[in-house]
Amino acid sequence: MKICRFDDDRLGVVKGDEVLDVTPALEVIPPQRWPIARGDPLIANLDRVVERVRALEGAAPRRKLADVKLRSPVPNPTKIVNAPINYQAHIDEAKADPKLGGGRKLNHITDWGLFLKSTSALVGPADGIRLRMLDRRNDHEVELAVVIGRECRKATAANALEFVAGYSIGLDMTIRGPEMPSWRKSVDSYAVCGPWLVTRDEVPDPNVLNLLLWVNGELRQSSNTARMVYNVQKLIEYATGMYTLYPGDLIFSGTPEGVGPVAPGDVITAEIERVGRFDIRVAGYEG
Ligand code: MN
């Protein structure tokens, strides 16, 4: 099932070029009182929501996909976990370009570990990207986004996929420069997630997916998740060896080669096989 959040917190199911408005399914999410549980309530209750969606979708109002504003399918992750160097060809291009590597050691993902982007950076395709520090290079990075479905600590590669709710497309927007990644990559709107969440059952193997990115129609990135150094299971094992993941937490699994600059006025198109495709507009912060 392709589950989207659209317009003002409406819940949809995507079928072809239409969105079925199944917002009343959100009523199965139990009301919360302080102290609230960590994690995103929509994702924490996704099985129940999906069950109600199936009951509602036959009679649900239909909208054209092109007419709705797609938001991030996960509104409230506790963390956006990122793999900084997880494709060998991207490691090689970063070694060759001092603007990318910043003089840091760059041989293997374990040289850098994982970093976090601020959750306040999270937007959906309809929200657009607003660039800051226009005197610097602002780059696109297309990445498979893994949506964690339930609380997960010390997962193993063997059981890691049991904790996954589904998949989406992540854009890890990045200001290049010497500062810490959590600073340069956490600007408002620099974590794009969309166009929807595809439930795990529709992606039997997340490690065989083509991923592509265009800027103004020009192909910039084209690879396959089979080329990740740490595959999805290994990333979950690696992350949860250090901290607990909660429902709705996102893992941006690293970008392949072909990263490059964008500027106000550009349109980025991102696509991942079996997941979907979206366009997002790039603007300046003031524009
Ligand atoms: Mn990245």
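## With respect to the sheet that holds strand 15 (residues 210-215)
Now for step 1: Taken in spatial order, the five strands line up as 9-20-19-15-16 in an open sheet, and their pairing is mixed. Unpaired on one side and paired on the other, strand 9 (129-131) and strand 16 (218-224) mark the two borders of the sheet. Here the average twist between neighbouring strands, direction ignored, is 20°.
Now for step 2: Two elements, strand 15 and strand 19 (residues 267-272), share five bridges in a ladder whose sense is antiparallel. Each bridged residue has a counterpart across the sheet, and for Val215 the counterpart in strand 19 is Ile268.

## Remarks on the coordination of the manganese ion
Reference values for coordination geometry: four tetrahedral donors around a metal ideally subtend 109.5 degrees, six octahedral donors ideally subtend 90 or 180 degrees.
Now for step 1: Ligation of the manganese ion by protein atoms is provided by Glu141 (OE), Glu143 (OE) and Asp172 (OD), these donors lying 2.0 to 2.1 Å from the ion.
Now for step 2: Written as a sequence motif, the donor arrangement for the manganese ion is E-x1-E-x28-D. Here Asp172 lies in strand 12 (residues 164-172) and Glu141 lies in the loop between strand 10 (138-140) and strand 11 (142-148), a separation of 31 residues in the sequence. An identical accessibility class is assigned to Glu141 and Asp172; each is buried.

## Section: the environment of Ile175
Now for step 1: Turning to its location among the elements, Ile175 is positioned in strand 13 (residues 174-175).
Now for step 2: For the pair formed by Ile175 and Arg136, sequence separation is 39 residues and the distance between their alpha carbons is 6.6 Å.
Now for step 3: Other than its neighbours up to four places away in sequence, Ile175 contacts Arg132, Met133, Arg136, Arg137, Asn138, Arg184, Val187 and Tyr190.

Rules used throughout
- Residues numbered from 1 in each chain as written.
- Predicted model: local features only at pLDDT ≥ 70, side-chain atom pairs only at ≥ 80, totals over all residues.
- Heavy atoms only, no water.
- Pairing = 2+ DSSP bridges.
- Helix = DSSP H or I, 4+ residues; strand = E, 2+ residues; numbered from the N terminus.
- Axes fitted to C-alpha atoms, helices over the stretch in contact; angles between N-to-C directions.
- Donors = N, O, S within 2.8 Å, 3.2 Å for Na, K, Ca; no water.
- Buried < 20%, exposed > 50% of the residue type's maximum accessible area, 1.4 Å probe, protein only.
- Contact = heavy atoms within 4.5 Å.

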